[in-house]
Every structure is written in structure tokens, then in C-alpha cells.
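# Tertiary structure, described
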Amino acid sequence: MKVGFIGLGNVGSKLSKSLLRNGFEMVVRDLDRAAAQPLLDGGAGWADTDRELAEACDLVVTCLPSPAAVRSVMEGPDGVLEGLGDGKMWLEMSTTDEAEVRRLGELVLDRGARPMDGPVSGGCHRAATGNISIFVGAEREDFERALPVLTTMGRRVLHVGGLGSASILKVVTNYLASVHLVALGEALIVARRSGMDLNTTYEAIRISSGNSFVHETESQVILNGSYNINFTMDLVVKDMSLFQQLADEQGTPLELSPLVLDIFRRGEQEYGSRAWSSGIVRFLEDACGVDLRAPGFPEEIVDTEPEQPGYEVVPSIT
């Protein structure tokens, strides 16, 4: 299967490298050709337009920062839709609006191609090693056809339902990660001001009922002081807004979500849209006149697990 990959940012560059590293024939495209150069050096082809890429490939993957960017790539002049046809597939790996992915999916079907959404979860460090998790919304037949590509980009691949269902679960899990991050900032500050050693505090949380994936990763770069989790304030605001939009459309009266979304909106205004999202804890650091530094923690998270073949995750309770 020949794969076309559009969007070579923090996540897309790593997912595409996993495919190239494992022998897939590839064509790539990004607004910044320099972002594609490592892939081109590794043997990938380049497409001058999104249409050209879609015409040349069996499976087109988009991994872009916003629904607006996806619309532009899919529906713009010389866009992906113009290059799709019978037998081709589109895999949307961006974190996006489920209604929008379903709308675009109908246009893909009109072209005779098959749509899927497949957002990832687990951090850029796991995307780099092919050990990230992938949620997939698609018809079962399409999922199975794409599975060799999916299990190369990710270790744990979960078929979650029809088109758009993966995008719902992605914003649900990103919402939880954002809540955990804000709560961790408060917990670490209170421990620090109570005179606790932060290395000890990190271990206490890690081995306790308060542990989370967010603690094991983001707390480390907070305690280092780099805050570098390869995810930015504007992306959290986008993801949190998509989650809140879902709740508002349902009429679900959430209390925690609006508070956390407001915190990140203020963080984006205070520290900048492209500031690392883990830096949200600086609100409390600045307010309390303390920092959360501790020795021995890394500047950036690196996945130390070896790359392993991916597999489909089947829910144990059905």
C-alpha cells in the first residue's frame, strides 16, 4: 500500500517516519518543505499539490493542527478530494470536530473512496517510536484493510466504531489529560509549600492512587523547568473547546470543563499560543513566588521502550 502523508508537524513527522522506517512506499507534503527533508532523504517522494499526492497514493493521511487546516487541504484548489477515486482511502489523524470529519467523510464517499478518523494518544515521544495508541472510527472492512499501516504507526490500535467516533473519544481523553495537568500543578505547589522534597513527592504520586500518565510524563518536564511536552497552549484550548462544544450540543451541564478551559485560555493569553502546555503551572508558581524545580528530571520525554509490532486492542468487556 502506497501512503501519502500531509502534515509533518510534531506528531505527523514522527508517524510518517515510522512508516518509512518500516518499508512503506510514501509520498509526503507540508507547507514547509524543509519539514519533509528528512523523509525525502530517506526515500519518500514529494507532491507539489495535495491533489497530486492523493492521485499517487492508495491511502491519504492528514495530520494537521486544526479543522480549518483540514478543510483547506481537503476542499481547496488542487485539494485531496480532487485526487481521490475508487478504492482509495482517507485517514484523518488530526484532533478535530467529529461533525466536521463526518461531513468531509461524505464528500470522500462521493468520490468513491473510504473515510476513517484515527487520532493518536500517548505523547510525541511514543509517536517517535511507533508505540503510540490509535483510536479508529471506520467501517470494519476499511479498518481491517488499513490495519497494517495503523499497527506500524502505533502499538495499540482500537476500533471504536463508525466514522467520527474516534474524534469524540480523542477529545474526551485530551480533556482528562488537561484536567490532570491543572490538578498536578496544584498538588505539586501545595506539597512544595508544605516543605516536601519534590523528588520524593514525584515518587509518592507515581506509586499512589493519584498517579496518571500525565504525572509520569508532564510532571517530569515541569520539575525540570523546560515544560517541553511538545504540545502547546493553543492546541489544548482547541481540544478543550471541542470537548465543551460536544457537551453544550448535548445540553450536558458540566462544571469542571468550563473552569479548566478558562484556565488554559488565560494561560494562552499570558504566556502565548505556542508556549508549552505544561507551563500552565506557572500561574501558581508566579502567584506563590515559588518554583517547582527538582534535580534529575529530563528536559524532554524520550520513549525508552523499543519499537514493537502493533496490534489491535479488543475491549475485554463487551
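The coordinates are above.
If you're wondering where the values come from, they're calculated on a predicted model, not measured in any experiment.

### Quick notes on the overall build of the protein chain
Counting its regular elements, the protein chain contains 14 helices and 10 strands. Its C-alpha atoms give the protein chain a radius of gyration of 20 Å, near enough to 20 Å, the size a compact globule of 318 residues would have. When its C-alpha atoms are laid out on the principal axes, the protein chain stretches across 65 × 45 × 40 Å. Relative to its full complement of 318 residues, the protein chain shows a buried share of 51%. Considering only contacts within the protein chain whose residues lie at least 6 apart along the sequence, 69% involve residues at least 24 apart. For the protein chain, the accessible area works out to roughly 14,000 Å², and carbon and sulfur atoms hold 51% of it. The distance from the centre of the 28 positive side-chain charges to the centre of the 46 negative ones in the protein chain is 2 Å.

### Quick look at the pairing of strand 9 (residues 154-161)
The pairing of strand 8 (residues 132-137) with strand 9 spans 6 bridges and is classified as parallel. The partner of Gly137 across the bridge, within strand 9, is Gly161. Note: strand 9 against strand 10 (residues 311-313), 3 bridges, orientation parallel. Note that in strand 10 the partner of Arg156 across the bridge is Tyr311.

### Focus on helix 10 (residues 198-206)
Three or four residues apart is the spacing at which side chains of an α-helix point the same way, because the helix has 3.6 residues per turn. Within the sequence span of helix 10, burial applies to Leu198, Thr201, Tyr202 and Ile205. Buried residues in helix 10, looked at end-on, bunch into an arc of 100°, giving them a common side. Packing partners of the buried residues in helix 10 comprise helix 9 (165-193) and helix 11 (213-224). Where helix 10 begins, the side chain of Asp197 points an oxygen toward the backbone nitrogen of Asn199, at a separation of 3.1 Å.

### Concerning the pairing of strand 6 (residues 114-117)
In the sheet, strand 5 (residues 89-92) pairs with strand 6 via 4 bridges, with the strands oriented parallel. What sits directly across from Glu92, in strand 6, is Asp117. Handedness of the strand 5-helix 6 (residues 98-110)-strand 6 crossover: right-handed.

### Considering the packing of aromatic side chains
Under the criterion given, the structure shown has 3 aromatic pairs. Seen from their ring centres, Tyr175 and Phe243 are 4.0 Å apart, and the 5° between their planes marks the pair as stacked. Of this pair, Tyr175 sits in helix 9 while Phe243 sits in helix 12 (residues 233-250), and the two are 68 residues apart along the sequence. As far as the burial class goes, Tyr175 and Phe243 line up, both buried. Arranged with centres 5.4 Å apart and planes meeting at 55°, the rings of Tyr271 and Phe283 form a pair that is tilted. Taken together, the residues Tyr271 in helix 13 (residues 256-271) and Phe283 in helix 14 (residues 282-288) connect sequence positions 12 residues apart. For Tyr271, a relative accessible area of 17% corresponds to the buried category. Against the face of Phe283 rests Arg266, its NZ or CZ located 5.1 Å from the ring centre.

### Quick look at the state of the cysteines
What the rule picks out here adds up to 0 disulfides. Here Cys63 is not disulfide-linked; the sulfur of Cys124 is the nearest cysteine sulfur, at 9.2 Å.

### Brief notes about helix 4 (residues 67-75)
All of the buried residues along helix 4 are Pro67, Val70, Val73 and Met74. The arc enclosing the buried residues of helix 4, seen along the axis, measures out at 125°, which places them on a common side.

### Focus on the environment of Gly45
Of note, Gly45 is situated in strand 3 (residues 45-46). Considered as a pair, Gly45 and Arg29 are 16 residues apart in the sequence and their alpha carbons are 8.9 Å apart.

### A word on the packing of helix 12 against helix 13
Across the interface, helix 12 lies against helix 13 with an axial gap of 9 Å and an inter-helix angle of 155°. Our classification of the angle between helix 12 and helix 13 gives roughly antiparallel. The element helix 12 and its partner helix 13 pack so that their crossing is left-handed. In this structure, helix 12 contributes Met233, Asp234, Val236, Val237, Met240, Ser241, Phe243 and Gln244 to the contact, and helix 13 contributes Ser257, Pro258, Val260, Leu261, Phe264, Arg265, Gly267, Glu268 and Tyr271. Of the residues in the contact of helix 12 with helix 13, the class split is 10 nonpolar, 4 polar and 3 charged.

### Here we look at the side chain of Asn230
Positionally, Asn230 belongs in the loop between helix 11 and helix 12. Engagement of the side chain of Asn230 in a polar contact is seen with the side chain of Glu300, the distance being 2.6 Å. Not counting chain neighbours up to four residues away, the residues in contact with Asn230 comprise Asn10, Cys124, Trp276 and Glu300.

### Points about the side chain of Gln220
The topology assignment puts Gln220 in helix 11. The exposure class of Gln220 is buried, given its relative accessible area of 18%. Not counting residues up to four positions away in its chain, the partners in contact with Gln220 are Tyr202, His215, Phe297, Pro298 and Ile301.

Analysis parameters
- Residues numbered from 1 in each chain as written.
- Predicted model: local features only at pLDDT ≥ 70, side-chain atom pairs only at ≥ 80, totals over all residues.
- Heavy atoms only, no water.
- Helix = DSSP H or I, 4+ residues; strand = E, 2+ residues; numbered from the N terminus.
- Rg over C-alpha atoms; globule rule 2.2 N^0.38 Å.
- Buried < 20%, exposed > 50% of the residue type's maximum accessible area, 1.4 Å probe, protein only.
- Contact = heavy atoms within 4.5 Å.
- Areas by Shrake-Rupley, 256 points an atom, 1.4 Å probe, with all protein chains shown as cover.
- Lys, Arg positive; Asp, Glu negative; His and termini not counted.
- Charge placed at Lys NZ, Arg CZ, Asp CG, Glu CD.
- Pairing = 2+ DSSP bridges.
- Arc of directions from axis to C-beta.
- Polar contact = N/O pair within 3.5 Å; in protein donor to acceptor, adjacent residues only side chain to side chain.
- Right-handed = clockwise from strand over helix to strand, strands pointing away.
- Phe/Tyr/Trp six-rings, centres within 6.5 Å; stacked < 30°, edge-to-face > 60°.
- Lys NZ or Arg CZ within 6 Å of the ring centre and 35° of its normal.
- Disulfide = S-S within 2.5 Å.
- Axes fitted to C-alpha atoms, helices over the stretch in contact; angles between N-to-C directions.
- Parallel < 35°, antiparallel > 145°, perpendicular 65-115°, else oblique.
- Left-handed = near helix turned anticlockwise from the far one by under 90°.
- Nonpolar A, V, L, I, M, F, W, Y, C, P; charged D, E, K, R; others polar.

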